[in-house]
Amino acid sequence: MKNFKVGLILFLGLVFLTLLTGCGKSEKANTNSSSSQESTAQSQSKEKIVSSKDYNENATVIVGIKGGLLSLDPANYRDRVTESVLRNIFDGLVTRNAKGEVQPLVAESWENPSPTEWIFNIRKGVKFHDGTPLTADDVKFTFDRIITEGGLGGETSPRKGLLGPLKEVQKIDDYRVKFILEEPWPILLKMLPHQQIVPKAYIERVGDKAFAEKPIGAGPFKLVEAKLDERIVLERFDDYYGGSPEMEPVGPAKIKTLVFDVIPEVTTRISALKRGEIQRVHALSPTLVTQLKNDPNIEVKMVDGTRVFMLEMNTKKPPFDNVKVRQAMNYAIDMDTIVEKVLEGYATRLAGPLLANGFGTNPDLKPYPYDPEKAKQLLAEAGYPNGFQLVIDTDQNNREVAEAAAASLRKVGIDANTRVWDFGVLKPLLLNGERQMVMTDWGNSTQDPFDLLNPTIKTNGRGNYSLYSNPRVDELLSKADVELDVEKRKQLYYEAQQIIYEDAPWVFGYQLKEIEAGVKDLQGWEPSADGMLYMPDAYMVK
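Residues numbered from 1 in each chain as written. Predicted model: local features only at pLDDT ≥ 70, side-chain atom pairs only at ≥ 80, totals over all residues. Heavy atoms only, no water.

A.B. asks: Mind laying out helix H11 (residues 335-342), listing which residues take part and the relevant values?
C.D. replies: Among all positions of H11, only Met335, Ile338, Val339 and Val342 are buried. Looking straight down H11, one finds that the buried residues subtend no more than 110° of arc, so they occupy a single side. Each element contacted by the buried residues of H11 is listed here: strand S12 (298-313), strand S13 (347-349), helix H13 (399-410) and strand S17 (506-519). Following H11 by one or two positions, glutamate 344 has its phi on the positive side, about 50°. (Buried < 20%, exposed > 50% of the residue type's maximum accessible area, 1.4 Å probe, protein only. Helix = DSSP H or I, 4+ residues; strand = E, 2+ residues; numbered from the N terminus. Arc of directions from axis to C-beta. Contact = heavy atoms within 4.5 Å.)

Structure representation (C-alpha cells):
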C-alpha cells in the first residue's frame, strides 16, 4: 500500500512536470519563464503595497462580463461565466494557481491510500457567510447532492459528469472525508476545482430553490443582491479564513464591494472601461489589444488560454462523410494566416485536437500545411472536382475566423458562406446532424485530454458536433481514463491523436490567449488560463 502511495505521488509530480515542460518549443518555454518572473515581480510588488495599507479598503470594483449567470447554485450549471462569478462566493476543496497547478483550499491536505480511495483533511476555522463552521458534513452533503440522481430537489446536477467515477463520500470524522471511486481516475484532483462546498444545514433549512436565490458560501465575498442577466453585487466577507496558504497573499479580500455587470457587447464593455465606469473586462478580441495598449489609463494582460478552437465537420452526411474531403478542408484553410492576421498572433496553431502545452499532446504531429492544390486533388478524388455549397455555422465570437475560413475555401472552388447563430439554438441542430460545419471551441481547463476528447470526440459525446465515431479511438480513450502509469497513458493518447489526425473530423485550429484589461488603479489581479475572474487579491490604489 505504501509503495502504491509513493508511486502515485511520483505520478502526480510527473503530470505537473509534463504540464510545465511539454510544450516542446523553446519559444514557448521562454514565454513560460518570462510569465513566471513577471508573476513573481507582481506578487512582490503587491505584497509591498498591501503591507503598507496603500489601498482603498472601501473601494467598489465593477467587472464587465460577457453574459448572464445560469444559476447562483454551484451545483446547477455548466457555464464558464457563471463559474467565474461563483468562485468568488464559494470555495472548493482545492483550487488552481496561475500555472494551472492544483493547490489546497478548504482541504489542507490529502492522501490516496488505494487507486479508488482519496482521503481529504478539512481545514479548521473555515466559516460560511452565516458564521457556521464548515465541516466534513458539508463536504459530504455537497458531493452527495451532485452525484445522486435527483439530488437537487428532484433534479440531477449538470455537474455530475465532472466527477467521473465518484461513487460515494464517507465522513471519517468532523474534519476528514473519504472519496470512493468506482474505478481509478487519475485526474480527480484536476477536476475538483470545479466543485464548491455548500452549507448542509442552511440548504436543509431553506430548500434548494431558496438557496439558489440567496446562497451563502465560504468564499471571500458574500452575496448582497443579484439579477442574473443584469448585475450581481457582492460584499467582502470579513471572517474569511484567507484562502490557500500556498497562494500569497492570504487574508480577506482587499475591496469592499465587488460588482459583476452583464455587458454582452464587447465594444460597450470597452467604452465603459475607458470612461472609468467599470474597472475590469474579460473575453477581449485580439483586434482590440493595440487600441487598448495605447490608452494610458488601461492595462492589458493576457495568458495562454485553455480553449481549443476548431471547425467541426458532420461526418455522417455528404460531403464530409468522405475522409478525403475532410482532409482537403485541412489543406485548403490557411490557418497560419488566420492566426497571424485575423488573430494578430495572439494564438498558437495546433497540429491536432489537443492544446500545444497540455498533457499527452503527440509531439510527432505537424499541422496540415496550407496547400490548395493538394486540397483540389483530394476533392477531385472524392468526386467533388467542382466543389460544393457549404454554410459554416458559428457564433458571434468566432465570426471573423469563420469568414476567413470561408474565403480560403472559395479559392479551391467551394461555395462557402457563414451563418451566425445563438449557440443555444444551434447546439441541438448540430447534435441532431442537421448542419454541415461549425466553427466553435471547447474549454480544457485541466489541460488533460480527458475533459476535451471524451466530450468532443468519443462516440455520442455531449459536445461531439462532428458526430465522429471510431471504435479504436473510443477504446484508447476509455483505457486512458483509468491508466495510472503516466507513460502508458501518454502512449494511449498519442495513438488516439494519430487516428484522429488522419480521420480529420475537424479542421484543426488553435488555442487563443485569454485577453483582459483593467484600469491601472486596479492592481493585484491576473487573467487565469481557465478564464476564472477570481478577485480576492485585487485592490484599488489610493
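A.B. asks: Tell me what's going on with helix H17 (residues 486-503), and back it up with residues and numbers.
C.D. replies: Taking 1.5 Å of rise per residue, 18 residues should cover 26 Å, and H17 covers 26 Å from first to last C-alpha, within 8% of that figure. The opening residue of H17 is aspartate 485, an N-cap whose side-chain oxygen sits 3.1 Å from the backbone nitrogen of glutamate 487. Positive backbone phi, approximately 50°, marks alanine 504, located one or two places after H17. (Expected span 1.5 Å × (residues − 1). Polar contact = N/O pair within 3.5 Å; in protein donor to acceptor, adjacent residues only side chain to side chain.)

A.B. asks: Before we move on, could you go through the environment of isoleucine 338 and cite the residues and values that matter?
C.D. replies: Tracing the sequence through the fold places isoleucine 338 in helix H11. Residue classification places isoleucine 338 among the buried residues on the basis of a relative accessible area of 3%. A C-alpha to C-alpha distance of 9.7 Å links isoleucine 338 and alanine 402, two positions 64 residues apart in sequence. When residues no more than four places from it in sequence are discounted, the contact partners of isoleucine 338 are Ile333, Leu343, Val401, Ala404 and Ala405.

A.B. asks: Quick rundown of the pairing of S17? Include the residues and the values.
C.D. replies: Most of S17 sits inside the fold, with 13 of its 14 residues counted as buried. Judged from the 2 bridges that link them, strand S11 (residues 280-281) and S17 form a sheet pairing that is antiparallel. From the neighbouring strand, valine 281 faces S17, where its bridge partner is alanine 517. Alignment of S12 against S17, held across 12 bridges, turns out to be antiparallel. Along S17, the bridge assignment pairs leucine 311 with valine 507. Strand direction decides the pairing type here: S13 and S17, joined by 3 bridges, are antiparallel. Residue pairing across strands places arginine 349 opposite tyrosine 510, the latter belonging to S17. (Pairing = 2+ DSSP bridges.)

A.B. asks: Describe in detail the packing of helix H16 (residues 471-482) against H17, supporting the description with residues and values.
C.D. replies: Look at H16 against H17: their axes get within 9 Å of each other, and the N-to-C directions meet at 160°. When the axis of H16 is compared with that of H17, the two are roughly antiparallel. Here H16 runs over H17; the crossing is left-handed. Across from Arg472, Val473, Leu476, Leu477, Lys479, Ala480 and Asp481 in H16, the residues of H17 making contact are Arg489, Leu492, Tyr493, Glu495, Ala496, Ile499 and Ile500. Counted by class, the contact of H16 with H17 contains 9 nonpolar, no polar and 5 charged residues. (Axes fitted to C-alpha atoms, helices over the stretch in contact; angles between N-to-C directions. Parallel < 35°, antiparallel > 145°, perpendicular 65-115°, else oblique. Left-handed = near helix turned anticlockwise from the far one by under 90°. Nonpolar A, V, L, I, M, F, W, Y, C, P; charged D, E, K, R; others polar.)

A.B. asks: Can you break down the nonpolar core residue by residue, with the values?
C.D. replies: Core analysis: the largest hydrophobic core is formed by 160 residues, its most contacted members being Leu93, Phe143, Phe179, Leu192, Met329, Ile392 and Tyr510. With 8 residues, the single largest contributor to this core is S17. Ignoring sequence-local partners within four residues, the contact set of methionine 329 consists of Met313, Phe320, Leu379, Phe388, Leu409, Ile414, Met437 and Val507. (Core = buried A, V, L, I, M, F, W, Y, C linked by side-chain atoms within 4.5 Å.)

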